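What the coordinates show
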Amino acid sequence: MSEKTTSAVTANSLLPTYARYPIALVKGEGSWLWDDQGKRYLDFMSGIAVTNLGHAPRKIKEALVKQLDELWHVSNLFHIPNQEEAARLLTDNSSGDAVFFCNSGAEANEAAIKLARKYQQKIKGNGRYEIITFENSFHGRTLATLTATGQEKVKEGFAPLPEGFRYIPYNDIEALEAAISDKTAAVMLELVQAEGGIYPADPAFVHALCKLCRKHGILLIIDEIQTGMGRTGKLFAYEHYGIEPDIFTLAKGLGSGFPVGAAVCKEELREAFGPGSHGSTFGGTPIATAVVKATLETIVGDRLSERAEEKGDYLTSQLKAQLAGNPFVNDIRGKGLLVGIECAAPIAGLLTAAQDKGLLVISAGPNVIRLLPNLLVTNEEIDQAVSILAELLAGAGDNK
Ligand SMILES: *Cc1c(COP(=O)(O)O)cnc(C)c1O
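Residues numbered from 1 in each chain as written. Predicted model: local features only at pLDDT ≥ 70, side-chain atom pairs only at ≥ 80, totals over all residues. Heavy atoms only, no water.

On to the packing of aromatic side chains. For any two aromatic rings, the description comes down to two numbers: the centre-to-centre distance and the angle of the planes. Here the structure, examined in full by the defined rule, presents 7 aromatic pairs. Plain terms: the ring middles of Phe134 and Tyr170 are 5.9 Å apart, the flat faces sit at 75° to each other, and that makes the pair edge-to-face. Highlighted residues: Phe134 in strand β5 (residues 130-134) and Tyr170 in the loop between β6 (165-168) and α6 (173-179), separated in sequence by 36 residues. Take Phe134 and Tyr170: they sit in the same class, and that class is buried. Here the aromatic rings of Phe236 and Tyr238 are separated by 5.9 Å at their centres, their planes lie at 10°, and the arrangement is stacked. Taken together, the ring pairs in this structure connect Phe134, Tyr170 and Phe205 into an aromatic cluster. Arg40 extends its terminal NZ or CZ atom over the ring of Trp32, reaching a point 3.6 Å from the ring centre. (Phe/Tyr/Trp six-rings, centres within 6.5 Å; stacked < 30°, edge-to-face > 60°. Helix = DSSP H or I, 4+ residues; strand = E, 2+ residues; numbered from the N terminus. Buried < 20%, exposed > 50% of the residue type's maximum accessible area, 1.4 Å probe, protein only. Lys NZ or Arg CZ within 6 Å of the ring centre and 35° of its normal.)

Right, dumping it as structure tokens:
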């Protein structure tokens, strides 16, 4: 018989899919988190762009608690008023016309891939199936979405992978032209490659890509799972480019911490997802969509996208000022409150050093520190985070 231990920081009954830090966070409020030892942390990762309104935001909690008193779950075989209202809010505030709700980012992209294929094959009758995606992208962990992801490390050991995906370099329009064939159903991309290292798409590339898609009848899928919900300074990142995707996907910030995802599409695609074509038991429950409604009303009503742009400008300018001339810092880039500090060497040690100083940040690839504060972050909190980072990065090159 093995002896059981009960410490907050052992995870032996879990599969070891995550290399966890030895910290157990047990309480959150606004930009702050507390661990089970009572230590306080300034949260500049927001659960990876999830808690965009900070921890335990009052209005969202009220909407959630109200719904918990009324009804938790009913089947999608019935009308769900919250779901219809949440969808209406999404379509009123975007270029999309119809919504499918699911529970995660990977599921939203899975729905987008299926919808694109179904549209081409059933509505257009052309048998197209291939999805072109980009090197260094990230689209999720289900079999189809890890196949769509342009990074080998997420695919190792999972063969055979689904067919019909091909990868080209990001921001390379000639490569796209060369990759297009009579099998191409859709092109799928992030407008800032987030997990891949905070690389924004070049506007000229995006415009040329849109033109090529229109010319060849190829659908444009934008993965807004990390960039959406105000994060980049617009409600959706595609607004920066003046484009309208055929399909875009959401999750992370959509539920302020409640798990929910969505695929949003143009009117022409509606009929491709007729009754029985796709589904999800938990997709768009009364609870999840009460939270989506409250989240969207707050972000739109309180103009938090504009706030994210303003705070993002402040964060980036403070970082540039404080880190100017630091030989360990190669680049500072991003959009709104999705910011990366590219360093000259791996930064894993810096992340734990920041934790010791009470600041939570994450990486985006081995050399990039990723900053994702909530959209309500204050200048004082930004100053605190920047000063901790400046202190850590000041001597960072020395011991490497
Ligand atoms: C996080 C993320 C996903 C996957 O979302 P999950 O909810 O983890 O399935 C997909 N695409 C992008 C751009 C992401 O950042």
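On the basis of which strands lie adjacent, the open sheet formed by 7 strands has the order β4-β12-β11-β10-β7-β5-β6 and mixed pairing. What marks the edges here is a single partner per strand, and that holds for β4 (98-102) and β6. Neighbouring strand axes in the sheet, compared pairwise and without regard to direction, differ in orientation by 20° on average. In the sheet, β5 pairs with strand β7 (residues 184-189) via 3 bridges, with the strands oriented parallel. (Pairing = 2+ DSSP bridges. Axes fitted to C-alpha atoms, helices over the stretch in contact; angles between N-to-C directions.)

Orientation of helix α2 (residues 58-70) relative to helix α8 (residues 286-301), taken along the N-to-C sense of each, is 155°, at an axis distance of 9 Å. As judged from the angle between their axes, α2 and α8 are roughly antiparallel. Read as a crossing pair, α2 and α8 show a hand that is right-handed. The segment α2 lies against α8, with Lys59, Ile60, Ala63, Leu64, Gln67 and Leu68 engaging Pro286, Ile287, Ala290, Val291, Ala294, Thr295 and Thr298. Looking at side-chain class alone, the contact of α2 with α8 contains 9 nonpolar, 3 polar and 1 charged residues. (Parallel < 35°, antiparallel > 145°, perpendicular 65-115°, else oblique. Left-handed = near helix turned anticlockwise from the far one by under 90°. Contact = heavy atoms within 4.5 Å. Nonpolar A, V, L, I, M, F, W, Y, C, P; charged D, E, K, R; others polar.)

Let us now look at the UniProt feature "modified residue: N6-(pyridoxal phosphate)lysine" (unreviewed entry) in the protein chain. Under the present numbering, the feature "modified residue: N6-(pyridoxal phosphate)lysine" (unreviewed entry) in UniProt falls on Lys252. Tracing the backbone through its elements, the reader meets Lys252 in the loop between β11 (247-250) and β12 (261-265). A residue is classified by how much of its surface remains accessible, and Lys252, at 22% relative accessible area, is partly exposed. When sequence neighbours within four positions are dropped, the list of residues in contact with Lys252 reads Ile48, Ala49, Val50, Glu195, Ile225 and Gln226. (UniProt positions renumbered as here; feature names shortened; annotations may be inferred.)

Below, the discussion takes up the sheet that holds strand β3 (residues 40-43). Taken in spatial order, the 4 strands make up an open sheet running β1-β2-β3-β15, and their pairing is mixed. The open sheet has two edge strands with one neighbour each: β1 (25-29) and β15 (359-360). Two strands pair when backbone bridges link them, and β3 and β15 are joined in this way by 2 bridges, in the parallel orientation. In the strand pairing of β15, Leu42 is matched with Leu359.

Taking the numbering used here, the UniProt-annotated feature "binding site: pyridoxal 5'-phosphate" (unreviewed entry) corresponds to Gly105, Ala106, Phe138, Asp223, Glu224, Ile225, Gln226 and Thr281. Separation in sequence by 177 residues is matched in space for these annotated residues, since their most distant C-alpha atoms are 25.5 Å apart. Relative to the assigned elements, Gly105 resides in helix α4 (residues 105-123). Not counting residues within four places of it along the chain, the set of residues in contact with Gly105 comprises Ile225 and Ala251. Inspection of the secondary structure assignment puts Ala106 in helix α4. If near-sequence neighbours (up to four positions away) are discounted, Ala106 is found in contact with His139, Gly140, Arg141, Thr142 and Thr145.

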